[in-house]
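# Commentary on secondary and tertiary structure
Given next are the chains, with one letter for each unit.
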Amino acid sequence: MLDWMWSEAGRFGEVVAALVIVSTAAAFVIRKVMQVQKQVARVIAVVDRIETEFRPNSGITMRDQVMALKALVWNITARQWALVDGLGDPMWESDGNGLCIRANRALQKLLLRSENELLGAGWENSIYPTDRAMVWRDWSDAIARKRSYEGIFRVRSGDGTIYSVAAVANPITDGTSVSGWLGRYRRVDVCEAEGGDVL
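These numbers come from a predicted model, not from an experiment.

Assigned secondary structure in the chain consists of six helices and five strands. Each helix (α) and strand (β) of the chain, taken in turn from the N terminus, gives the series α-α-α-β-β-α-α-α-β-β-β. Out of the 199 residues belonging to the chain, those deemed buried represent 25%. Here the contacts in the chain between residues at least 6 apart in sequence split such that 43% fall between residues at least 24 apart.

Following this line, the structure appears as C-alpha coordinates:
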(Lines give C-alpha, C1' and ligand atoms only; values in the text may rest on other atoms or scores of the structure.)
Protein backbone atom coordinates (compact mmCIF):
# COMPACT_ATOMS: atom_id res chain seq x y z
CA MET A 1 0.00 0.00 0.00
CA LEU A 2 2.90 2.26 0.74
CA ASP A 3 4.24 1.60 -2.66
CA TRP A 4 1.01 2.67 -4.17
CA MET A 5 0.94 5.86 -2.06
CA TRP A 6 4.47 6.73 -3.12
CA SER A 7 3.67 6.07 -6.72
CA GLU A 8 0.54 8.20 -6.54
CA ALA A 9 2.08 10.95 -4.39
CA GLY A 10 2.86 13.06 -7.40
CA ARG A 11 -0.72 12.92 -8.51
CA PHE A 12 -1.87 13.51 -4.94
CA GLY A 13 0.26 16.66 -4.81
CA GLU A 14 -1.33 17.82 -8.02
CA VAL A 15 -4.79 17.24 -6.53
CA VAL A 16 -3.85 19.12 -3.38
CA ALA A 17 -2.38 21.96 -5.44
CA ALA A 18 -5.56 22.03 -7.53
CA LEU A 19 -7.69 22.12 -4.38
CA VAL A 20 -5.58 24.96 -2.98
CA ILE A 21 -5.97 26.88 -6.23
CA VAL A 22 -9.72 26.26 -6.35
CA SER A 23 -10.21 27.23 -2.70
CA THR A 24 -8.08 30.36 -3.17
CA ALA A 25 -10.08 31.25 -6.24
CA ALA A 26 -13.33 30.58 -4.36
CA ALA A 27 -12.18 32.79 -1.49
CA PHE A 28 -11.29 35.51 -3.98
CA VAL A 29 -14.71 35.23 -5.67
CA ILE A 30 -16.48 35.27 -2.28
CA ARG A 31 -14.53 38.42 -1.27
CA LYS A 32 -15.48 40.10 -4.56
CA VAL A 33 -19.14 39.11 -4.13
CA MET A 34 -19.13 40.56 -0.60
CA GLN A 35 -17.58 43.80 -1.88
CA VAL A 36 -20.23 44.05 -4.59
CA GLN A 37 -22.95 43.37 -1.99
CA LYS A 38 -21.58 46.23 0.16
CA GLN A 39 -21.57 48.55 -2.87
CA VAL A 40 -25.14 47.52 -3.74
CA ALA A 41 -26.18 48.18 -0.13
CA ARG A 42 -24.62 51.68 -0.34
CA VAL A 43 -26.45 52.38 -3.60
CA ILE A 44 -29.75 51.20 -2.07
CA ALA A 45 -29.16 53.47 0.95
CA VAL A 46 -28.56 56.46 -1.37
CA VAL A 47 -31.70 55.64 -3.37
CA ASP A 48 -33.70 55.38 -0.12
CA ARG A 49 -32.40 58.79 0.99
CA ILE A 50 -33.31 60.33 -2.36
CA GLU A 51 -36.78 58.78 -2.21
CA THR A 52 -37.23 60.06 1.34
CA GLU A 53 -36.34 63.56 0.22
CA PHE A 54 -38.86 63.39 -2.60
CA ARG A 55 -41.50 61.63 -0.52
CA PRO A 56 -41.02 62.65 3.13
CA ASN A 57 -43.23 61.45 5.97
CA SER A 58 -43.03 57.73 5.30
CA GLY A 59 -43.85 58.05 1.62
CA ILE A 60 -46.79 60.40 2.03
CA THR A 61 -46.39 63.58 0.03
CA MET A 62 -47.22 66.99 1.46
CA ARG A 63 -50.12 67.21 -1.01
CA ASP A 64 -51.47 63.88 0.29
CA GLN A 65 -51.29 65.21 3.84
CA VAL A 66 -53.06 68.47 2.91
CA MET A 67 -55.79 66.55 1.07
CA ALA A 68 -56.27 64.26 4.08
CA LEU A 69 -56.56 67.28 6.39
CA LYS A 70 -59.07 68.95 4.06
CA ALA A 71 -61.15 65.78 4.02
CA LEU A 72 -61.04 65.63 7.82
CA VAL A 73 -62.08 69.29 8.15
CA TRP A 74 -64.85 68.79 5.58
CA ASN A 75 -66.17 65.78 7.52
CA ILE A 76 -66.11 67.70 10.80
CA THR A 77 -67.81 70.69 9.17
CA ALA A 78 -70.42 68.44 7.55
CA ARG A 79 -71.20 66.83 10.92
CA GLN A 80 -71.47 70.21 12.65
CA TRP A 81 -73.72 71.57 9.92
CA ALA A 82 -75.89 68.45 10.13
CA LEU A 83 -76.49 69.36 13.78
CA VAL A 84 -77.27 72.99 12.87
CA ASP A 85 -79.55 71.89 10.06
CA GLY A 86 -81.60 69.80 12.49
CA LEU A 87 -82.26 72.71 14.85
CA GLY A 88 -85.59 74.50 14.64
CA ASP A 89 -84.14 78.04 14.45
CA PRO A 90 -83.57 79.55 11.00
CA MET A 91 -79.76 79.65 10.68
CA TRP A 92 -77.07 80.46 8.13
CA GLU A 93 -73.32 80.44 7.79
CA SER A 94 -71.35 83.05 5.90
CA ASP A 95 -67.75 83.19 4.76
CA GLY A 96 -65.17 85.75 5.91
CA ASN A 97 -66.61 88.30 3.46
CA GLY A 98 -70.14 87.96 4.83
CA LEU A 99 -71.51 86.00 1.87
CA CYS A 100 -73.87 83.14 2.66
CA ILE A 101 -72.33 79.70 2.15
CA ARG A 102 -75.06 77.63 3.88
CA ALA A 103 -78.68 78.06 4.91
CA ASN A 104 -80.39 75.45 7.06
CA ARG A 105 -83.77 73.91 6.28
CA ALA A 106 -85.60 76.07 8.84
CA LEU A 107 -84.42 79.27 7.09
CA GLN A 108 -85.32 77.87 3.67
CA LYS A 109 -88.76 76.89 4.96
CA LEU A 110 -89.38 80.30 6.57
CA LEU A 111 -88.37 82.27 3.48
CA LEU A 112 -89.75 79.71 0.99
CA ARG A 113 -86.49 79.90 -0.94
CA SER A 114 -83.97 77.24 -1.87
CA GLU A 115 -80.50 77.26 -0.41
CA ASN A 116 -79.13 78.22 -3.85
CA GLU A 117 -81.35 81.33 -3.86
CA LEU A 118 -79.93 82.39 -0.48
CA LEU A 119 -76.24 81.73 -1.21
CA GLY A 120 -73.78 84.54 -1.80
CA ALA A 121 -75.64 87.85 -1.50
CA GLY A 122 -78.93 86.16 -2.50
CA TRP A 123 -80.17 86.39 1.10
CA GLU A 124 -80.44 90.17 0.58
CA ASN A 125 -83.40 89.61 -1.77
CA SER A 126 -85.45 88.32 1.19
CA ILE A 127 -84.95 91.48 3.25
CA TYR A 128 -87.86 93.90 3.10
CA PRO A 129 -86.92 96.65 0.60
CA THR A 130 -87.09 99.57 3.04
CA ASP A 131 -84.93 97.71 5.60
CA ARG A 132 -82.33 96.50 3.09
CA ALA A 133 -79.95 99.50 3.26
CA MET A 134 -79.91 99.49 7.08
CA VAL A 135 -79.28 95.73 7.29
CA TRP A 136 -76.55 95.84 4.64
CA ARG A 137 -74.82 98.79 6.37
CA ASP A 138 -74.88 97.12 9.82
CA TRP A 139 -73.88 93.72 8.43
CA SER A 140 -70.99 95.24 6.44
CA ASP A 141 -69.82 97.09 9.57
CA ALA A 142 -69.81 93.84 11.60
CA ILE A 143 -67.83 92.11 8.83
CA ALA A 144 -65.29 94.95 8.61
CA ARG A 145 -64.82 95.10 12.39
CA LYS A 146 -64.92 91.30 12.73
CA ARG A 147 -67.48 91.48 15.51
CA SER A 148 -70.91 90.06 16.26
CA TYR A 149 -73.95 91.31 14.39
CA GLU A 150 -77.37 92.01 15.90
CA GLY A 151 -80.32 93.52 14.14
CA ILE A 152 -84.10 93.67 13.95
CA PHE A 153 -85.58 93.92 10.48
CA ARG A 154 -88.25 92.51 8.22
CA VAL A 155 -88.01 89.71 5.67
CA ARG A 156 -90.43 88.71 2.94
CA SER A 157 -90.93 85.04 2.16
CA GLY A 158 -91.47 83.62 -1.31
CA ASP A 159 -95.27 83.71 -0.86
CA GLY A 160 -95.25 87.40 0.21
CA THR A 161 -95.62 86.87 3.98
CA ILE A 162 -93.69 89.50 5.91
CA TYR A 163 -91.91 88.58 9.14
CA SER A 164 -90.17 90.71 11.73
CA VAL A 165 -86.97 88.98 12.82
CA ALA A 166 -84.34 89.53 15.48
CA ALA A 167 -81.10 88.27 13.97
CA VAL A 168 -77.74 87.60 15.55
CA ALA A 169 -74.52 86.35 13.94
CA ASN A 170 -71.30 85.54 15.75
CA PRO A 171 -67.83 85.29 14.22
CA ILE A 172 -66.28 81.87 13.68
CA THR A 173 -62.64 82.15 14.71
CA ASP A 174 -59.62 79.90 14.94
CA GLY A 175 -58.26 82.02 17.77
CA THR A 176 -56.48 84.55 15.57
CA SER A 177 -58.63 85.21 12.51
CA VAL A 178 -62.30 85.21 11.52
CA SER A 179 -63.21 82.65 8.86
CA GLY A 180 -66.94 83.40 8.79
CA TRP A 181 -70.11 83.99 10.80
CA LEU A 182 -72.83 81.70 12.12
CA GLY A 183 -76.16 83.48 12.34
CA ARG A 184 -79.72 82.78 13.38
CA TYR A 185 -83.08 84.44 13.72
CA ARG A 186 -83.70 84.48 17.48
CA ARG A 187 -87.25 85.71 17.14
CA VAL A 188 -89.64 85.54 14.22
CA ASP A 189 -93.01 87.31 14.28
CA VAL A 190 -95.55 87.64 11.48
CA CYS A 191 -96.29 91.29 10.69
CA GLU A 192 -99.97 92.25 10.47
CA ALA A 193 -99.63 94.00 7.13
CA GLU A 194 -97.02 94.66 4.52
CA GLY A 195 -96.28 98.07 6.03
CA GLY A 196 -96.44 96.77 9.64
CA ASP A 197 -94.07 98.15 12.23
CA VAL A 198 -91.03 96.17 13.34
CA LEU A 199 -91.83 94.56 16.69
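Moving on: the pattern of salt bridges. When their charged atoms lie close together, side chains carrying opposite charge are able to pair. On inspection of all chains with the given rule, the structure shows seven salt bridges. For arginine 154, the salt bridge is made with aspartate 131, and the minimal N-O distance between the two is 3.0 Å. One end of the pair, arginine 154, is in strand S3 (residues 149–156); the other, aspartate 131, is in the loop between helix H5 (115–118) and helix H6 (132–145), and 23 residues separate them in sequence. Grouping residues by exposure puts arginine 154 and aspartate 131 together as buried. Connected through shared salt-bridge partners, Asp141, Arg145 and Arg147 make up one network.

Taken together, the five bridges between strand S1 (residues 91–95) and strand S5 (residues 178–190) define a ladder with antiparallel strand orientation. Bridge pairing in S5 places methionine 91 opposite arginine 184. Strand direction decides the pairing type here: strand S4 (residues 162–173) and S5, joined by 11 bridges, are antiparallel. Opposite isoleucine 172, over in S5, you have glycine 180 as the bridge partner. Where S4 hands over to S5, the hairpin turn is made up of four residues, of which glycine 175 adopts a positive phi near 105°.

This part covers the nonpolar core. A general trend in soluble globular proteins is that nonpolar side chains are found buried together. Ranked by internal contacts, the top residues of the largest apolar core, which has 23 residues, are Trp92, Trp139, Tyr149, Phe153 and Tyr185. Counting only elements with at least two residues in this core, the list comes to strand S2 (100–103), helix H4 (105–111), H6, S3, S4 and S5.

Another point: the packing of aromatic side chains. Counted by the stated rule, this structure contains six aromatic pairs. Three or more aromatic residues joined by ring pairs form one cluster here, namely Trp123, Trp136, Trp139, Tyr149 and Trp181.

Here we come to the side chain of asparagine 104. As for its placement among the helices and strands, asparagine 104 is situated in the loop between S2 and H4. Here the side chain of asparagine 104 touches aspartate 89 through a polar contact of 2.9 Å, landing on its backbone oxygen. Of the polar contacts made by the side chain of asparagine 104, one reaches the backbone nitrogen of methionine 91; its length is 2.9 Å.

Here we take up the sheet that holds S5. Strand pairing in a sheet takes place through backbone hydrogen bonds and is either antiparallel or parallel in direction. Strand order in the open sheet formed by five strands is S2-S1-S5-S4-S3, and the pairing between neighbours is antiparallel. Bordering the open sheet on either side are S2 and S3, each of which pairs with just one other strand. Across the sheet, the mean angle separating the axes of adjacent strands is 25° when strand polarity is ignored. Sitting on the sheet, H6 touches S1, S3, S4 and S5, and the angle it makes with S3 is about 150°.

With that settled, the discussion passes to unusual backbone geometry. With a phi angle near 55°, leucine 112 is a residue other than glycine that sits in the positive phi range. Positionally, leucine 112 belongs in the loop between H4 and H5. Although it is not a glycine, lysine 146 adopts a positive phi angle of roughly 55°. Lysine 146 sits in the partly exposed class, given a relative accessible area of 45%.

Taken together, the eight bridges between S3 and S4 define a ladder with antiparallel strand orientation. Counterpart to isoleucine 152 in the pairing with S4 is alanine 166.

Here we take up the environment of aspartate 138. By the secondary structure assignment, aspartate 138 is in helix H6. Assessed through its relative accessible area of 26%, aspartate 138 is described here as partly exposed. Taking the C-alpha atoms as reference points, aspartate 138 and tyrosine 149, 11 residues apart in sequence, are found 7.5 Å from one another. Residues within four places of aspartate 138 in sequence aside, it is in contact with Arg147 and Tyr149.

So, how was this worked out
- Residues numbered from 1 in each chain as written.
- Predicted model: local features only at pLDDT ≥ 70, side-chain atom pairs only at ≥ 80, totals over all residues.
- Heavy atoms only, no water.
- Helix = DSSP H or I, 4+ residues; strand = E, 2+ residues; numbered from the N terminus.
- Buried < 20%, exposed > 50% of the residue type's maximum accessible area, 1.4 Å probe, protein only.
- Contact = heavy atoms within 4.5 Å.
- Salt bridge = Lys/Arg side-chain N within 4 Å of Asp/Glu carboxyl O.
- Pairing = 2+ DSSP bridges.
- Core = buried A, V, L, I, M, F, W, Y, C linked by side-chain atoms within 4.5 Å.
- Phe/Tyr/Trp six-rings, centres within 6.5 Å; stacked < 30°, edge-to-face > 60°.
- Polar contact = N/O pair within 3.5 Å; in protein donor to acceptor, adjacent residues only side chain to side chain.
- Axes fitted to C-alpha atoms, helices over the stretch in contact; angles between N-to-C directions.

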